[in-house]
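Below are the chains, spelled out letter by letter.
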Amino acid sequence: MINRTGRLKLLQNNNWKFMHGDYPDAKSFQYKDNDWYDIGIPHSFGIPYFQENEFYVGYGCYRKILFVDQAFIGKKLSLEFQGAFQEAEIYLNGQLAGMHKGGYTAFEIDITPFAVSGDNLLFVRLNNNWNPRLAPRAGEHVFNGGIYRDVSLLVTEPVHVSWYGTFVTTPIVSREEAVIDINTEVINETDSSLTCRLVSVIEYQGKEVMRVSGTSKLKAKSQMVFRQSDRIQEPKLWHPDTPELYSLKSYLYVGEDLYDSYETVFGIRWFSFTPDQGFFLNGEHYDINGANVHQDHAGWSDAVTHSGIQRDVKMVKDCGMNFIRGSHYPHHTVFAEECDKQGVLFWSENCFWGTGGPKEEGYWTSSGYPIKEEDQPEFEESCIVTLKEMIRTNRNHPSIIVWSMCNEPFFSTAEVMDKAKSLVKRLVLVSHEEDPTRPAAVGGAQRGGFDSLGDIAGYNGDGATIFHDPGFPNFVSEYGSYEESNRPGSIVPADMDMDYPWRSGKALWCAFHHGSILWNMGYLGMIDYYRLPLNLWYWYREKLLGIKQPEPVKEGIPYAVRITSDRNSMATDGTEDAFITVEIIDQSGNRISNSMEVELEVVRGGAVFPTGKRFVLSPENKNFYEGLGAIELRSYYAGENRITAKAKGLVTGELIINTTGEEHWENQKRKELLPPPSVMGNPKSDKSFNIGVSRPVFASSEEPDYAARNVTDQDSTKPWRAGEKKSGEWIMVDLEGAKPVKRGELFFEEINTKPYEISISDNGVDFEVIAVGKDNAVNSFLDISLGGKTLRYFRVLFPEEAAAILRIKLFN
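Residues numbered from 1 in each chain as written. Predicted model: local features only at pLDDT ≥ 70, side-chain atom pairs only at ≥ 80, totals over all residues. Heavy atoms only, no water.

K.L.:
Explain the packing of helix α1 (residues 306-318) against helix α2 (residues 333-342) residue by residue, including any values.
P.N.:
Put simply, α1 and α2 touch, their axes get as near as 9 Å, and they point 45° apart. Put simply, α1 runs oblique to α2. Crossing of α1 over α2 shows right-handed handedness. Here His306, Ile309, Gln310, Val313, Lys314 and Lys317 of α1 come into contact with α2, specifically with Val334, Phe335, Glu338, Cys339 and Gln342. Taken together, the residues that form the contact of α1 with α2 break down as five nonpolar, three polar and three charged. (Axes fitted to C-alpha atoms, helices over the stretch in contact; angles between N-to-C directions. Helix = DSSP H or I, 4+ residues; strand = E, 2+ residues; numbered from the N terminus. Parallel < 35°, antiparallel > 145°, perpendicular 65-115°, else oblique. Left-handed = near helix turned anticlockwise from the far one by under 90°. Contact = heavy atoms within 4.5 Å. Nonpolar A, V, L, I, M, F, W, Y, C, P; charged D, E, K, R; others polar.)

Structure (structure tokens):
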């Protein structure tokens, strides 16, 4: 028997050249890239990025010499990109090998016809331009471009299991027995018909527990699905407390020759979302309590390593939470892998996304759904393609319990709202077709009637109070986010009155600080951008795990800088980095709260910070508080790295990290990456928009059918009426982040003579009174000048009995 196993997956993250701008001629071998930066993957256009509202928008081009071994010629060769934001053209040896649109999902490019033995020129032309026909059209994150996830060369025989071609499901599961269904796509890219035999072996901790095989004839240039099934007795069930995993090994034979071997990790569990009793996992009720997570890290932006992802999942788990909502786009496939391993439930979300505020075309604050008819078909197709790609590449992960179609799609203009709802319905059908085993959720469904369009409604903001018990499976997909702050942050308990038997779970907004195009909306995490906890994280840990909060660090006499790392060695292939922590300590070695400027420097070795060989921590840079700071370090060269941490007048800290890989650091001459040549922010407009439309509204009480949400609902004809006739009733609009407001408008239902007090706040605690209506003042409409004040909350308080309010508008 000849073993022809040709499947290899070779990471290609090292030795890339990059330059901001559009250089289509760089696809040629003759092009000179001497002035281009030497970089590694993962990479972002925006490095170094530190939560600025502005970011580079335009083209970025990448070049790499791709070596193809002679033994690979005649096999199927393809490139796998785990993520490139967001329109990519891939060239090999000057020829266009393929294109991909969409910035958040993995894709495969066939390079077989273009590859030669030896050196090949790989050129990637990429842009992150806002595209009216490509999701997302809107969102409060940042949209830095780049090849920001791994690139691999895939080598297989022409007859092989197709890319992400296995789908393992468990239609019947109990603690005694599990039925395992295996669908395996096999492709024959030869010119001949072949008889294939597929042997599928399932192992648990290296021990075989199931084996099935089947034979089928496969026509030339065709694809088929092997459908196999068997049972496992007394299965080890996957659960957040016991994240048991199985391995499926697929062996594909042609005759007696082994053509392909492919491994799929999966888990066995069963679950259900119910309308009246919440969520059940493996037959038992289970309380879901988690947080939303954006993907970007300090300095590196979206270009995060596998170890960075591992730490993110662990930090959520370590405070006692058991769930992550992947806001608001498909995350790296490694993210779900880590959730599988660590035992964290995962909500995987598509990138059909809306956000509040102005709705002008040309930037990521536009209508979530296209307003121009000619843009709509292609946009809808982009949402469908991204959803399919997300499901295909993640469908075997037991941690994933739901596919979400969108987030807050109601932030679309009124004239296209019905089309946005039709698209969501269409996405739900596609989700069911691609994966009948998981429910389709509608994330951020608290306005516009979107909540009933899927299997589960995800309510953000005030949605949990608006739809108290909707009668179908529901989830609080966002709550909290009351205070924008850096470390240490005050403890503002973010729990709401939301724990009811029929509610499946809740997710805090949000786990980590992140980049945002909208003012300070990125500063709402319980963990900062540098991955250091705020006080709120410790509060959750105490509440959920009983671990007491640490005592506040006090000032002292600074003696030295202490520098430590979460690891003393790391790989140089772009999958690992080191989490570097810096502290100011006294002579006894205790951390003290004195904060000052600390300069980190790689004085030996090839390691780099996002800013290069040096990185500065300081209170002015918003990254060094209470004598503590952190940053991630990575390297693409093997060897010993010595890093120092210096502060004026203190003993210098020193750290050694060893890096392992093929190419060693020998003081190579490198063109170090510089910041982007330009950045783009939210375009200035002379127009004034009502940025309060569809925003969350909270009130002391409300009458049935006269809800608080009516005052920001542009389609409502009903007012808010207080539920009780007593003094002190109030209603408050939440702009979901502090924003400058020029003026406000308040419409009473009828002529009002009752006294009122209007106040504003940026944190929900400290309010500034800006207008007072005295007894017997006659008003039906108020025009309130705010002069560009920055506010998040707009509150109307009634010292005596409350008047009914029809509408509240807030203009930027």
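The structure having been displayed, the exposition proceeds.
K.L.:
An account of the sheet that holds strand β19 (residues 257-266) is requested, with residue identities and associated values reported.
P.N.:
A sheet is described by the order of its strands in space; here four strands give the open sequence β14-β13-β18-β19, paired in antiparallel fashion. Two strands lie at the open edges of the sheet, namely β14 (207-218) and β19, each paired on one side alone. Each strand of the sheet is rotated relative to its neighbour by a mean of 15°, with strand direction disregarded. As paired elements, strand β13 (residues 194-204) and β14 share eleven bridges and run antiparallel to each other. Paired with isoleucine 202 across the bridge in β14 is methionine 210. (Pairing = 2+ DSSP bridges.)

K.L.:
Now, about the pattern of salt bridges: what can you tell me, with residues and values included?
P.N.:
One pass over the full model with this rule turns up 47 salt bridges. Between arginine 438 and aspartate 435 there is a salt bridge, with its nearest N and O atoms 2.8 Å apart. In this structure, glutamate 736 engages arginine 695 in a salt bridge whose closest nitrogen and oxygen atoms are separated by 3.0 Å. A residue pair is termed long-range when its members are at least 10 positions apart, and glutamate 736 in strand β40 (residues 729-752) and arginine 695 in the loop between β38 (653-660) and β39 (697-699) qualify at 41 residues. By the burial criterion, glutamate 736 is buried, and arginine 695 matches it. Through salt bridges with shared partners, one network takes in Glu87, Lys101, Arg133, Asp375 and Glu378. (Salt bridge = Lys/Arg side-chain N within 4 Å of Asp/Glu carboxyl O. Buried < 20%, exposed > 50% of the residue type's maximum accessible area, 1.4 Å probe, protein only.)

K.L.:
Tell me about the pairing of strand β18 (residues 246-254), and name the residues and values.
P.N.:
Burial runs high along β18: seven of the nine residues are buried. Pairing geometry for β13 and β18, over eight bridges, is antiparallel. Its bridge partner being in β18, valine 201 is matched across the sheet by lysine 249. In terms of strand pairing, β18 meets β19 through nine bridges, oriented antiparallel.

K.L.:
Talk me through the nonpolar core; I want residue IDs and the actual numbers.
P.N.:
One recurring pattern in soluble globular proteins is that nonpolar side chains are buried together. Of all hydrophobic cores here, the largest spans 103 residues; its most connected members are Phe352, Met526, Val598 and Leu600. With seven residues, helix α4 (residues 417-434) is the single largest residue contributor to this core. Ignoring sequence-local partners within four residues, the contact set of methionine 526 consists of Ala291, Cys319, Met321, Leu508, Cys510, Ala511, Pro533, Leu534, Leu536, Trp537 and Tyr540. The next biggest cluster of nonpolar side chains, apart from the first, holds 37 residues, and it includes Phe72, Ile90, Ala97 and Val124. (Core = buried A, V, L, I, M, F, W, Y, C linked by side-chain atoms within 4.5 Å.)

K.L.:
Outline empty space enclosed by the protein, supporting the account with residue identities and numerical values.
P.N.:
Per the stated rule, a full pass over the model turns up seven cavities of 30 Å³ or more. Taken as a whole, the largest cavity spans an internal volume of roughly 310 Å³. Lining the largest cavity are 27 residues, with Glu478, Ser481, Trp509, Met521 and Glu736 sitting closest to its centre. Taken together, the elements giving at least two residues each to the lining of the largest cavity come down to β29 (474-480) and β40. Residues belonging to the lining of the largest cavity are distributed by class as follows: eleven nonpolar, eight polar and eight charged. Approximately 250 Å³ is the volume found for the second largest cavity. For the second largest cavity, the lining is made up of 20 residues, of which Asp38, Trp300, Val608, Arg670 and Leu673 are closest to its centre. Taken together, the residues of the lining of the second largest cavity sort by class into ten nonpolar, six polar and four charged. (1 Å grid on protein atoms, 1.4 Å probe; cavity = no way out; pocket = protein on both sides within 12 Å on 5 of 7 lines; lining within 4 Å. Points joined across faces, edges and corners; volume = space filled by probe spheres on them.)

K.L.:
Now, about the layout of surface pockets: what can you tell me, with residues and values included?
P.N.:
By volume, the largest pocket is sized at about 960 Å³. As for the largest pocket, its lining consists of 42 residues, of which Lys9, Tyr164, Tyr262, Glu263 and Glu337 are closest to the centre. The set of elements that each furnish at least two residues to the lining of the largest pocket consists of β1 (8-11), β5 (76-81), β10 (151-156), β11 (159-173), β19, α2 and α3 (376-394). The dominant element in the lining of the largest pocket, judged by the number of residues it contributes, is β11, at seven residues. Looking at side-chain class alone, the lining of the largest pocket contains eleven nonpolar, 18 polar and 13 charged residues. Approximately 570 Å³ is the volume attributed to the second largest pocket. Lining the second largest pocket are 21 residues; nearest its centre among them are Trp519, Asn682, Pro683, Lys684 and Asn812. Looking at the lining of the second largest pocket residue by residue, the classes come out as eight nonpolar, seven polar and six charged.

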